[in-house]
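Each chain, written out:
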Amino acid sequence: MNPLKLLSLKYLFDLTPGYNYAYNEYLLVLFILIFIASFKVSALLKNRGDAKIESTFFAGIPSFMRRWALLGILLNFFRDQNIPLLGMRIWLLTLILSLPAYLAFTWRKYILKRENFKNKDLKEGYQDKYLPKPKKKARRKKKSR
């Protein structure tokens, strides 16, 4: 395959791209591996649990990987069966390019949230609320005579 063909709109938006689909097996294996890896990532995130911000922030990644892999398998099937409109090359290309975009977006949000969390930690008086406080003196009731 010539990668420069991907720049041609006629090539990408061809309604029935043809029966010669050379990358079917490779993409199918890739999507299955990503689906299986999502369970491993989920287990790793559950075991991590040391930082609350990280465990809550990255919790959506395994489910995204599963949805992405299942959609990839479905689009791969449509392309293999040469189904009009659903088998266009643009759908697989869009799906494959969406993964790095999503990962970059998620990583950037994580970096910003982590910086805000650290800045909040460094504010004056924030650390003091966890230090022991002196005992409050109990008020004595005056007995009436």
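Residues numbered from 1 in each chain as written. Predicted model: local features only at pLDDT ≥ 70, side-chain atom pairs only at ≥ 80, totals over all residues. Heavy atoms only, no water.

### Side note on the overall build of the protein chain
Helix and strand counts for the protein chain come out as 5 helices and 0 strands. Along the chain direction, N to C, the helices and strands of the protein chain fall in the order α-α-α-α-α. Within the span of the protein chain, comprising 145 residues, buried residues form 24% of the whole. Summarising the internal contacts of the protein chain: among those between residues at least 6 apart in sequence, 74% fall at separations of at least 24. (Helix = DSSP H or I, 4+ residues; strand = E, 2+ residues; numbered from the N terminus. Buried < 20%, exposed > 50% of the residue type's maximum accessible area, 1.4 Å probe, protein only. Contact = heavy atoms within 4.5 Å.)

### Here's the deal with the packing of aromatic side chains
Considering all chains together, one arrives at 5 aromatic pairs under this definition. On the basis of an interplanar angle of 70° and a centroid distance of 5.4 Å, the ring pair of Phe31 and Trp68 is categorised as edge-to-face. With a gap of 37 residues between them, Phe31 in helix α2 (residues 24-48) and Trp68 in helix α4 (residues 61-81) connect regions that are remote in the sequence. One exposure class covers both Phe31 and Trp68, and it is buried. Relative to Phe78, the ring of Phe77 has its centre 6.1 Å away and its plane inclined at 55°; by these criteria the two rings are tilted. Its relative accessible area of 16% is what places Phe78 among the buried residues. Directly above the ring of Phe39 sits Arg66, whose terminal nitrogen or CZ lies 4.2 Å from the centroid. Above the ring of Tyr11, the side-chain terminus of Arg89 is found at 3.9 Å from the ring centroid. (Phe/Tyr/Trp six-rings, centres within 6.5 Å; stacked < 30°, edge-to-face > 60°. Lys NZ or Arg CZ within 6 Å of the ring centre and 35° of its normal.)

### Things to note about a nonpolar patch on the surface
Together, Leu28, Ile32 and Ile36 make up an exposed nonpolar region whose accessible area comes to about 240 Å². Looking at the element boundaries, Ile36 is found in helix α2. Owing to a relative accessible area of 51%, Ile36 belongs among the exposed residues under this scheme. (Patch = residues over 30% accessible without salt bridge, like charges linked within 9 Å, V, L, I, M, F, W, Y side chains within 5 Å. Areas by Shrake-Rupley, 256 points an atom, 1.4 Å probe, with all protein chains shown as cover. Salt bridge = Lys/Arg side-chain N within 4 Å of Asp/Glu carboxyl O.)

### Examining the nonpolar core
If you look at the biggest cluster of nonpolar residues, it comprises 17 residues, and the most contacted ones within it are Phe31, Trp68 and Leu92. It is α4 that provides the largest number of residues to this core, a total of 7 residues. Once residues lying within four places of it in the same chain are set aside, the contact partners of Phe31 are Trp68, Ala69, Gly72, Ile73, Asn76, Leu92 and Leu95. (Core = buried A, V, L, I, M, F, W, Y, C linked by side-chain atoms within 4.5 Å.)

### Quick notes on the side chain of Ser42
With respect to the helices and strands, Ser42 occurs in helix α2. The exposure class of Ser42 is buried, given its relative accessible area of 18%. Those residues in contact with Ser42 that sit more than four places away from it in its chain are Pro62 and Arg66.

On their own, these measurements won't tell you what the molecule is for.
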